[in-house]
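Chain and residue survey
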Amino acid sequence: MAEHFLSAYLTPPGPGAVFSVRHDQNVALWRRDGADVELVRVWELERVSGQKHHFWPLYTEGRAEAFLSALLAEEGLTLDDVTATWGTPGLPKARPVPKPAGSEEFPLHSLAHLFSGVLRDVPLFRDGQIIGMAIDALPDYAQESRPNTYWYAGCVVKQGRITFEPVESPGPLYTAAETVFGLEPGSLMALATASTAAIEFDAEAAIADVTFFGGSATQPWKAAHDLVRTVVAAAEEQLADVELDDSLSREDHLRSAVMKVIQRCCEGVAIRNVERLLEVGGIRAEDTHLSTSGGYALNCPTNTLLMDRFGFKGLVTPPCANDSGQGIGLGLLGLYGAGALAESGLRILSPYYGRDVMDVEEALAEFAPWIASVTDFEAERFVADVSDGVIAWVDGRAELGPRALGHRSLIGDPRSQKVKDLLNEYKRRQWWRPVAPMVMAEHTGEWFASDRESPYMLEAVQVRPEVRDLVPAIVHLDGSARHQTVTAESNPRLHRALDAFRAATGVPILCNTSLNDKAEAVVDQAAQALNFCVRKGVTVLYLCGRRVELRTAPVPAADAPTEPRPRALEYFAGQEADRDALWQGWLDAGYTVEGMYHLSRSHQLRAEQELSTPERVNLLAGYRATVDPSFRGLVDNFRRTHGPGGSFVDPSTLTGAFGVINPLRKSR
């Protein structure tokens, strides 16, 4: 008889929920029938609520139960059908996630990242060789009862036998740069290739005597911030009298120069990890697959550097390498610990496990005044629509992770620089942000320096010099592109569209970026897509195999939407009283707001519960306020975001809970 499991990366309900320690929350559903195990569905909460990097908690167990019940109802199930829930204490049928033998000194957060990669293909895990490393900023102590010796988990897998080994993470270097500049890691990575500004700096020497292991004995933050500040000072000195082009501000040129150096430092740390793991395993890279996971695994240049430098057989990084993949990793840990994968043929080789499009007919009826026609896909018409322009494309189950992979995308003509500018205009982002290409897998080697499969847009490879002028919209300043390879098997409709464009133009490539506005979560359903198209003036939407042409003016006249379409806010609205009571409970216990913030950001303190008295925590917070110039601003943001007065109605509010809003460096 089949049984079902939930693995949930949610903020645990209860007093700690006011800290909202988890972002990019998600829930995965699994089905097991004998030796057969399958991943059924993954719900990324930002797609459900519309809140970017969803961090809103469910403050009470009753709220959490109602939310999970609603998700399961979409699959025709109830909580009675679930055998166990892993990953979030306080949920119905919650069970501890077992740590594999030898991994006891690592946090479950890091192990979940690690397993989301190395167990993505169970037959490969059982029969092959893999080195894996979970490299993110810092662990999540929601499931830990004591500090961990190590923060970042690495491993060597040989025919199903796994040996755990601590690794360093480059993540703190990007977090330090984020703090200094006030930009998210993705923007910083893009800025590195947005300008030719560069400085002389010995990155190899800078990291030679510094390590970034993290753990109960040592934390990497001071070393990371010191290094970033040293690079900033060098850039200020070297660029002071340099004439820079006016395409960017001087501050952005400086950021670009700094991030080039920080990227080299990060790559040096990653190379050290790989060399150590290969040595520990006594194995050769050419006989081995590489798995990177954690937020830093989204750093495409590093993935490509490691693949090229060491010659690995393949990359088994998941599309949801950041915290949006925690639900999958926690589920794989639970299934592995239960012995459910011993004979399983589980392979998670598709990104399309999100919600299906469930509202096509209803959405078409609602937006009827703006719809001129609805017809079937025709190759010639598609080519005409996309040539020198932009269309929206929504199809089937949503892709996992932060990158559009052709099911919730804006697609454009790569031959036109105007298209890149138009895509960035639609999304209200900086002009220098790169636009990614999707390419027919069988033609990859003709256009890119590497013909490796890259189905999840996790590598940055050089566009061949002889064809760069043909596809200017997708080429970064350094000649690279973050490409996605598309096969007829993985995405038949999209492959058919690419082939039609190739037949007409000779170019088997299209521009691809996520279908969402600034501060809006990626579109999930048809009505959200139509809302976007009407607001932005996108005149053609390809919706589940049909071409929807939109009018520029509605008939009959109707008011156009001016904001993104509200999503399922009802699960989170109306929690103010519960939140305020929990917040007051911490104050009544003697914690100051400064102490609460310090506790929220000090995972080791939260794990040392018997030592985290109000007096000790408040004292530590007071000291931090004297040495950290950003502390006061961060405390104010914490109070505004998690304390009384915050709203649960508008998903675009309170986004300061993710990322840095108080940069230490002022723009010049």
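From a predicted model like this one, the values you see are computed outputs, not experimental measurements.

What about the overall build of the protein?
- Summing up its helical and strand segments, the protein has 22 helices and 20 strands in all.
- Here the protein has a C-alpha radius of gyration of 24 Å; the compact-globule value for 668 residues is 26 Å, and the two agree.
- In terms of overall dimensions, the protein has a C-alpha envelope of 70 × 60 × 55 Å along the principal axes.
- Residues counted as buried form 59% of the 668 residues belonging to the protein.
- Only carbon and sulfur atoms are counted for the fraction: they give 50% of the accessible area of the protein, which is about 25,200 Å².
- Both charge centroids of the protein, one from 65 positive and one from 88 negative side chains, sit 1 Å from each other.

With respect to the packing of helix 6 (residues 185–192) against helix 9 (residues 250–281)
- Orientation of helix 6 relative to helix 9, taken along the N-to-C sense of each, is 90°, at an axis distance of 7 Å. When the axis of helix 6 is compared with that of helix 9, the two are roughly perpendicular. Residues Leu 188, Leu 191 and Ala 192 of helix 6 form the contact with helix 9, whose own contacting residues are Asp 252, Arg 255, Ser 256, Met 259 and Lys 260.
- Residue composition of the contact of helix 6 with helix 9, grouped by class: 4 nonpolar, 1 polar and 3 charged.

Remarks on the environment of Arg 547
- Examined against the element boundaries, Arg 547 turns out to sit in strand 20 (residues 546–550).
- Judged by its relative accessible area of 4%, Arg 547 falls in the buried class.
- Taking the C-alpha atoms as reference points, Arg 547 and Glu 105, 442 residues apart in sequence, are found 54 Å from one another.
- Filtering out sequence-adjacent residues up to four positions away, Arg 547 remains in contact with Ser 373, Val 374, Thr 375, Asp 376, Arg 381, Asp 385, Val 540, Leu 541 and Tyr 542.

Quick look at the pairing of strand 3 (residues 36–44)
- Most of strand 3 sits out of view: 7 of its 9 residues are buried.
- Inspection of the sheet shows strand 2 (residues 26–33) paired to strand 3 by 8 bridges, in the antiparallel sense. Bridging across to strand 3, Trp 30 finds its partner in Leu 39.
- Taking the residues that link successive antiparallel strands as the turn, the strand 2-strand 3 hairpin has 2 residues, and the phi of Gly 34 there is positive, at about 65°.

Some words on helix 19 (residues 593–601)
- Counting buried residues in helix 19 gives 7 out of 9 residues, a clear majority hidden from the surface.
- Restricting attention to buried positions, one finds in helix 19 the residues Val 593, Gly 595, Met 596, Tyr 597, His 598, Leu 599 and Ser 600.
- Turning to helix 19, the residues buried within the fold contact helix 18 (576–588), helix 20 (603–607), helix 21 (614–627) and helix 22 (631–642).

A few points about the packing of aromatic side chains
- Scanning the entire structure with this criterion turns up 27 aromatic pairs.
- When the centroid spacing of 5.0 Å and the interplanar angle of 45° are considered together, the rings of Phe 19 and Trp 586 count as tilted. Here the residue Phe 19 occupies a position in the loop between strand 1 (3–9) and strand 2, and Trp 586 occupies one in helix 18, the gap between them amounting to 567 residues.
- A centroid spacing of 5.9 Å and a plane angle of 80° characterise the contact between Phe 382 and Trp 393, whose relative ring orientation is edge-to-face. With Phe 382 in helix 13 (residues 379–386) and Trp 393 in strand 12 (residues 390–394), this pair connects stretches of sequence that are 11 residues apart.
- Here the aromatic cluster, defined as three or more aromatic residues joined through ring pairs, consists of Phe 19, Trp 583, Trp 586, Tyr 591, Tyr 597, Phe 631 and Phe 638.

Re the nonpolar core
- One finds Phe 382, Trp 393, Leu 541 and Leu 543 to be the most contacted residues of the largest nonpolar core, which totals 61 residues.
- Among the elements that take part in this core, helix 17 (residues 526–536) stands out by supplying 7 residues, more than any other.
- If you look at the next biggest cluster of nonpolar residues, it comprises 60 residues, including Ile 135, Val 231, Leu 239 and Ala 285.

Observations concerning the sheet that holds strand 3
- With mixed pairing, 5 strands are arranged side by side in an open sheet as 3-2-1-4-5. The strands lining the two open edges of the sheet, one partner per strand, are strand 3 and strand 5 (94–95).
- Taken together, the 7 bridges between strand 1 and strand 2 define a ladder with antiparallel strand orientation. In the strand pairing of strand 2, Leu 6 is matched with Leu 29.

What about unusual backbone geometry?
- The linkage connecting Val 555 with the following residue, Pro 556, adopts the cis geometry, with an omega of -5°.
- Relative to the helices and strands, Pro 556 is located in the loop between strand 20 and helix 18.
- The phi torsion at Arg 428 lies on the positive side, around 55°, for a residue other than glycine.

A closer look at the sheet that holds strand 14 (residues 436–440)
- If you trace the 8 strands from one edge of the open sheet to the other, you get 11-20-19-12-13-18-14-17, paired in mixed fashion. In the strand order of this sheet, the two ends are held by strand 11 (371–376) and strand 17 (484–486), each with one partner. If you compare each strand with its neighbour and ignore which way they point, the axes differ by 30° on average.
- The sheet contact formed by strand 12 and strand 19 (residues 540–543) spans 3 bridges and is parallel. Each residue of the ladder has a partner; that of Trp 393, found in strand 19, is Tyr 542.
- Relative to the sheet, helix 16 (residues 492–505) contacts strand 12, strand 13 (408–412), strand 14, strand 17 and strand 18 (509–514), its axis offset from that of strand 14 by approximately 90°.

Points about the packing of helix 5 (residues 171–181) against helix 6
- Look at helix 5 against helix 6: their axes get within 9 Å of each other, and the N-to-C directions meet at 90°. On the basis of the axis angle, helix 5 is roughly perpendicular to helix 6. On helix 6, the residues touching Tyr 174, Ala 177, Glu 178 and Phe 181 of helix 5 are Pro 185, Leu 188 and Met 189.
- Its residues assigned to classes, the contact of helix 5 with helix 6 comprises 6 nonpolar, no polar and 1 charged.

So, the environment of Glu 38
- With respect to the helices and strands, Glu 38 occurs in strand 3.
- Counting along the chain gives 561 residues from Glu 38 to Leu 599, while the straight-line C-alpha distance between them is 38 Å.
- Those residues in contact with Glu 38 that sit more than four places away from it in its chain are Leu 29, Trp 30, Arg 31 and Leu 346.

Some thoughts on the pattern of salt bridges
- As enumerated under the stated definition, the model contains 36 salt bridges in all.
- Here Arg 41 and Glu 75 are joined by a salt bridge, their closest N and O atoms 2.8 Å apart. With a gap of 34 residues between them, Arg 41 in strand 3 and Glu 75 in the loop between helix 2 (61–73) and strand 4 (82–86) connect regions that are remote in the sequence.
- Owing to a relative accessible area of 9%, Arg 41 belongs among the buried residues under this scheme.
- The closest approach of N and O atoms between Arg 579 and Asp 580, which form a salt bridge, is 3.0 Å.
- Arg 579 sits in the buried class, given a relative accessible area of 1%.
- What makes Asp 580 partly exposed here is its relative accessible area of 26%.

The rules behind each value
Residues numbered from 1 in each chain as written. Predicted model: local features only at pLDDT ≥ 70, side-chain atom pairs only at ≥ 80, totals over all residues. Heavy atoms only, no water. Helix = DSSP H or I, 4+ residues; strand = E, 2+ residues; numbered from the N terminus. Rg over C-alpha atoms; globule rule 2.2 N^0.38 Å. Buried < 20%, exposed > 50% of the residue type's maximum accessible area, 1.4 Å probe, protein only. Areas by Shrake-Rupley, 256 points an atom, 1.4 Å probe, with all protein chains shown as cover. Lys, Arg positive; Asp, Glu negative; His and termini not counted. Charge placed at Lys NZ, Arg CZ, Asp CG, Glu CD. Axes fitted to C-alpha atoms, helices over the stretch in contact; angles between N-to-C directions. Parallel < 35°, antiparallel > 145°, perpendicular 65-115°, else oblique. Contact = heavy atoms within 4.5 Å. Nonpolar A, V, L, I, M, F, W, Y, C, P; charged D, E, K, R; others polar. Pairing = 2+ DSSP bridges. Phe/Tyr/Trp six-rings, centres within 6.5 Å; stacked < 30°, edge-to-face > 60°. Core = buried A, V, L, I, M, F, W, Y, C linked by side-chain atoms within 4.5 Å. Salt bridge = Lys/Arg side-chain N within 4 Å of Asp/Glu carboxyl O.

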